[in-house]
Amino acid sequence: MDFLPQVLFVLVLAIAGYFLYQRVSRIRKNIFLGQKAARNDQPEKRWKTMLLVAFGQKKMFKRVIPAFLHLLIYVGFLVINLEVLEFVIDGVAGTHRIFAPFLGNFYTVLINVFEFLAVAVLFSCVAFLIRRNVLPIKRFHAPEMKKWPTLDANLILVIEIILMFAILTMNATDMLIQGKDEHYVQTGTFFFSGFLMPIFEGMSLGTLVFVERFAWWFHIIGILGFAVYVTYSKHLHIALAFPNTWYSNLFAKGKMENMPVVTNEVKMMLGMPTEGDANEAPAEVARFGAKDVNDLSWINLMNAYACTECGRCTSECPANMTGKKLSPRKIMMDTRDRAEEVGRSLAKGGKGLEDGKSLLGDYITKEEINACTSCNACVEACPVNIDPLSIILQMRRYVAMEESGSPASWNNMFQNVETSFAPWKFAPTDRFKWANELKNEEN
Amino acid sequence: MSEEKNTISTMAEMAAKGEQPEVLFWVGCAGSFDERYKKVTLAFIKILNKVGISFAVLGEEETCTGDPARRAGNEFLFQMQAMSNIQTLEGYGIKKIVTACPHCFNTLKNEYPELGGNYEVIHHATFLQQLINEGKIGLKGGGVFKGKKITYHDSCYLGRANNIYEAPREVLQALDAELVEMKRCKTKGLCCGAGGAQMFKDAEKGNKEINIERTEEALATGAEVIAAACPFCMTMMRDGVKNKEREDNVEVMDLAELIAQHESL
């Protein structure tokens, strides 16, 4: 019967692993609903960007206070997870604090560091809960944040708080047990969980062992459950921030992506030689521009899954701050929601993309994409280099070229460019008249 | 007024004489047709003449770069414009282009290469900065702007789009003026509201115009001059100043105009 906890542990690990695997493959498939896009150039620059922006949190520090609080949680997350390694080994091997005898005093130091970080994470999570729910910070109360997004954000913070308490409870009871039973693995004194010891002091050895074991199991199951939850949550940025920054756009932000299909057609119209073999079958063009998630590139879709809905983009958006419907964060949330919807349908053998709905129209309206000034403030603001502008501009392409549905004044502008070679209706022969004004001025 | 007359040659005239200018001045549609921005074009022409750089313009052969069409989604129209402009530029063997419009600048510099047009493209803010560094303009102390408060409004297509933040500021510093920054400047600069083809349509429904928001911020600095480096920003900020009924004591001016006045051109 001694093996029961070990068997149970392996079972729990396997179940969590199964769900995690299922979700990760689903998300992978959803992301690859997007068009192919090669972005592997300049690997050195890409690694550097990832190190600075994701690992080094460089862009977070544009806003110092949340950046600092976030940094505590981030470092806590990275470091405390080292402890999970011990959890897993203990769980599988049926040992208790297997590293303690090997590391000796260093183990005590290490756990004290973990405890310090646990307290720092606790502090930050409480501060974030207050910021999010009490302080009047506009970006947390925008229309797209109603219901699930707000619940999701609060759940994450509460779960993290509970998990940190579990660690501290486990350590506090462990120290008490060590005092009562000298055969127990000795770990030295832990500073922070020491404060919790008075709560458990009156308990019998049996009760203490139960509480310690309960906290241990609660913590590891909590972490595994959280890992699965994260894949359904905005919190997925903890993983995707890294590839997302690696695949950053390295061109000048002002450059719009070219459409080689259009280039070929324009060259044919102008009687210029086109690229590639003329006999080669032309690449299949589904659509000009983007109407649904499969028209976007996979990088656009990864962007959507990497978004943690912080809203820095929206708070810097000139259209949003002047009351227009456009919110770059909502563009990313809608893109993800639609990819998830299509993915869920496909997983059930449903209609998927052919369900009669589309990203543009059912999620994002023309009013939103028409309000964009392409100023790149959202792109600049994003701490993980998400590019909402790319999606907006691809949708405008769809509206202009597939639907001819641009606003009337834009259609007039198009006509002017076509006939007068300027966006305003002036005679092309008047273009050089400004030079006469200089002559008049001089005479 | 200078004694010597300013000259403007077209590429066609130069080519007929078998000459090749050092740089092509891409005037842009606003610089050619917009009543206000034509003054910027003239100011820049005077500066080019004063420093004696050999330059030319395309004149009637210039057409829209296609930027507003592309931003509004009409990729076909953009590429038609781009191809035909590239043919013109290639025909004259153009190597270097300077322009006073950040939108033309961005398109020519970043978007024409993929369509076969490779040129050294610089914006007039950078061009003026280079002239100042070379000691060709802006060296005399004092001048009309000495001690005046000037704020610089970052154009999105120079700033975030192309990381040009310092050149325009260095140009203003050469005027011996007091450069005051708005709360949102450089990477955080607030758009004037006209980019992304918004210049050519009414704003969507909202509770404020973007240019009013930006103008309020500019006026809050107490600056007498709002310096701009983009024709669309110029229009939007001027409209904002008019809306606030401050046009009597606050001027919106382009960098080239400021330098031209400083140089008494």
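Quantities reported herein were computed from a predicted structural model and do not represent experimental measurements.

On a plain count of helices and strands, chain B comes out with twelve helices and eight strands. The C-alpha radius of gyration computed for chain B amounts to 18 Å, which stays within 12% of the reference 18 Å derived for 265 residues, consistent with globular compactness. Counting only C-alpha atoms, chain B reaches 50 × 50 × 30 Å along its principal axes. Looking at chain B residue by residue over its 265 residues, the buried ones come to 66%. Summarising the internal contacts of chain B: among those between residues at least 6 apart in sequence, 79% fall at separations of at least 24. Summing over all exposed atoms, chain B offers an accessible surface of approximately 9500 Å²; the carbon and sulfur share of this is 45%. Positive and negative side-chain charges in chain B, numbering 31 and 38 respectively, have mean positions lying 4 Å apart.

On inspection of all chains with the given rule, the structure shows 42 salt bridges over all chains. Note that A:Arg46 and A:Asp41 form a salt bridge whose closest N and O atoms lie 2.9 Å from each other. Judged by relative accessible area, which is 1%, A:Arg46 ranks as buried. Given the relative accessible area of 33%, A:Asp41 is considered partly exposed. For A:Asp355, the salt bridge goes to A:Arg338, with nearest N and O atoms at 2.9 Å. Here the residue A:Asp355 occupies a position in the loop between helix 15 (328–347) and helix 16 (359–363), and A:Arg338 occupies one in helix 15, the gap between them amounting to 17 residues. Its relative accessible area of 0% is what places A:Arg338 among the buried residues. Taken together, the shared-partner salt bridges in this structure form one network comprising B:Arg184, B:Lys208, B:Glu213, B:Arg214, B:Glu216, B:Glu217 and B:Lys244.

Let's shift gears to the sheet that holds strand 3 (residues 96–99) of chain B. Residues and elements named next belong to chain B. Strand order in the open sheet formed by four strands is 2-1-3-4, and the pairing between neighbours is parallel. Unpaired on one side and paired on the other, strand 2 (55–56) and strand 4 (120–123) mark the two borders of the sheet. Here strand 3 pairs with strand 4 via four bridges, running parallel. Paired with Lys96 across the bridge in strand 4 is Glu120. Helix-sheet contacts for helix 7 (residues 124–133) involve strand 3 and strand 4, and the interaxial angle to strand 4 is about 85 degrees.

What follows deals with the domain arrangement of chain B. All names here are of chain B. As assigned here, chain B comprises domain 1 (11–128) and domain 2 (138–262). For domain 1 and domain 2, the distance between their C-alpha centroids amounts to 23 Å. Taken together, the contact between domain 1 and domain 2 spans 25 residues of the former and 28 residues of the latter. Regarding the contact of domain 1 and domain 2, the summed buried area is about 2000 Å², with carbon and sulfur atoms giving 72% of it. At the junction of domain 1 and domain 2, the tally comes to one salt bridge.

Let's shift gears to the packing of aromatic side chains. All names here are of chain A. For the structure on display, the rule yields 25 aromatic pairs over all chains. Ring centres of Phe9 and Trp217 lie 6.0 Å apart, and the angle between their planes is 65 degrees; on these two criteria the pair is classed as edge-to-face. Here Trp217 lies in helix 9 (residues 205–230) and Phe9 lies in helix 1 (residues 4–31), a separation of 208 residues in the sequence. On the basis of relative accessible area, Phe9 is assigned to the buried category, the value being 1%. An angle of 80 degrees between the planes, with centres 5.2 Å apart, marks the rings of Trp216 and Trp217 as edge-to-face. Accessibility classification places Trp216 together with Trp217 in one group, the buried group. Its end group placed over the ring of Phe251, Lys255 keeps NZ or CZ at 4.6 Å from the ring centre.

Residue and element names in this part refer to chain A. Domain parsing of chain A yields domain 1 (4–31 + 63–246), domain 2 (260–406) and domain 3 (411–443). Summarising the inter-unit geometry, the C-alpha centres of domain 1 and domain 2 are found 37 Å apart. On the domain 2 side, the residues contacting the 27 residues of domain 1 number 29 residues. Across the interface of domain 1 and domain 2, roughly 2300 Å² is buried in total on both sides, 50% from carbon and sulfur atoms. Inspection of the domain 1/domain 2 interface yields three salt bridges. As a salt-bridge pair, Arg329 and Glu144 come within 3.0 Å of each other at their nearest N and O atoms.

Here we come to the nonpolar core. Counting residues in each nonpolar core, the largest one holds 87 residues, and the members touching the most others are A:Trp434, B:Phe25, B:Ile97 and B:Leu128. Setting aside chain neighbours within four positions, we find B:Phe25 in contact with B:Thr41, B:Phe44, B:Ile45, B:Leu48, B:Phe55, B:Ala56, B:Val57, B:Glu62, B:Val98, B:Thr99 and B:Ala100.

So, about helix 3 (residues 35–51) of chain B. Three or four residues apart is the spacing at which side chains of an α-helix point the same way, because the helix has 3.6 residues per turn. All names here are of chain B. Compared with the 24 Å implied by 1.5 Å per residue over 17 residues, the 25 Å span of helix 3 between its first and last C-alpha is a close match. Counting buried positions along helix 3 gives 13 out of 17 residues, so the element sits mostly inside the fold. Of the residues flanking the start of helix 3, the one acting as N-cap is Asp34, its side-chain oxygen 3.1 Å from the backbone nitrogen of Arg36. One or two residues past the end of helix 3 sits Gly52, with phi positive at roughly 70 degrees.

Below, the discussion takes up the packing of helix 7 of chain B against helix 9 (residues 166–173) of chain B. Residues and elements named next belong to chain B. The geometry of helix 7 relative to helix 9 is characterised by a closest axis approach of 8 Å and an angle of 50 degrees between their N-to-C directions. For the element pair helix 7 / helix 9, the angle class is oblique. Taken as a pair, helix 7 and helix 9 cross one another with a handedness that is left-handed. Where helix 7 abuts helix 9, its residues Ala125, Thr126, Leu128, Gln129, Ile132 and Asn133 lie against Ala167, Pro168, Glu170 and Val171.

This part covers the interface of chain B and chain A. The partner chain A presents 67 residues to the 72 residues of chain B that form the contact. Note on chain B versus chain A: buried area summed over both sides is about 6200 Å², and carbon and sulfur give 66% of it. The largest per-residue losses of area from chain B upon contact with chain A belong to B:Phe33, B:Phe76 and B:Phe200, which jointly make up 12% of the total buried on that side. If you look at where chain B meets chain A, you find five salt bridges. With a closest N to O distance of 2.8 Å, B:Glu75 and A:Arg397 form a salt bridge. Scanning the region where chain B abuts chain A turns up 30 residue pairs in polar contact (both at pLDDT 80 or more). When contributions to the side of chain B that touches chain A are tallied by element, the ones reaching two or more residues are helix 2 (28–33), helix 3, helix 4 (67–71), helix 5 (75–91), helix 6 (102–111), helix 8 (159–162) and helix 10 (210–220) of chain B. At eight residues, the largest contribution of residues to the side of chain B that touches chain A is made by helix 5 of chain B. A per-class count over the side of chain B that touches chain A returns 29 nonpolar, 23 polar and 20 charged.

Basis of the calculations
- Residues numbered from 1 in each chain as written.
- Chains lettered and ligands numbered in written order.
- Predicted model: local features only at pLDDT ≥ 70, side-chain atom pairs only at ≥ 80, totals over all residues.
- Heavy atoms only, no water.
- Helix = DSSP H or I, 4+ residues; strand = E, 2+ residues; numbered from the N terminus.
- Rg over C-alpha atoms; globule rule 2.2 N^0.38 Å.
- Buried < 20%, exposed > 50% of the residue type's maximum accessible area, 1.4 Å probe, protein only.
- Contact = heavy atoms within 4.5 Å.
- Areas by Shrake-Rupley, 256 points an atom, 1.4 Å probe, with all protein chains shown as cover.
- Lys, Arg positive; Asp, Glu negative; His and termini not counted.
- Charge placed at Lys NZ, Arg CZ, Asp CG, Glu CD.
- Salt bridge = Lys/Arg side-chain N within 4 Å of Asp/Glu carboxyl O.
- Pairing = 2+ DSSP bridges.
- Axes fitted to C-alpha atoms, helices over the stretch in contact; angles between N-to-C directions.
- Domains from an automatic or database assignment.
- Buried area = accessible area lost by both parts, 1.4 Å probe.
- Phe/Tyr/Trp six-rings, centres within 6.5 Å; stacked < 30°, edge-to-face > 60°.
- Lys NZ or Arg CZ within 6 Å of the ring centre and 35° of its normal.
- Core = buried A, V, L, I, M, F, W, Y, C linked by side-chain atoms within 4.5 Å.
- Expected span 1.5 Å × (residues − 1).
- Polar contact = N/O pair within 3.5 Å; in protein donor to acceptor, adjacent residues only side chain to side chain.
- Parallel < 35°, antiparallel > 145°, perpendicular 65-115°, else oblique.
- Left-handed = near helix turned anticlockwise from the far one by under 90°.
- Nonpolar A, V, L, I, M, F, W, Y, C, P; charged D, E, K, R; others polar.

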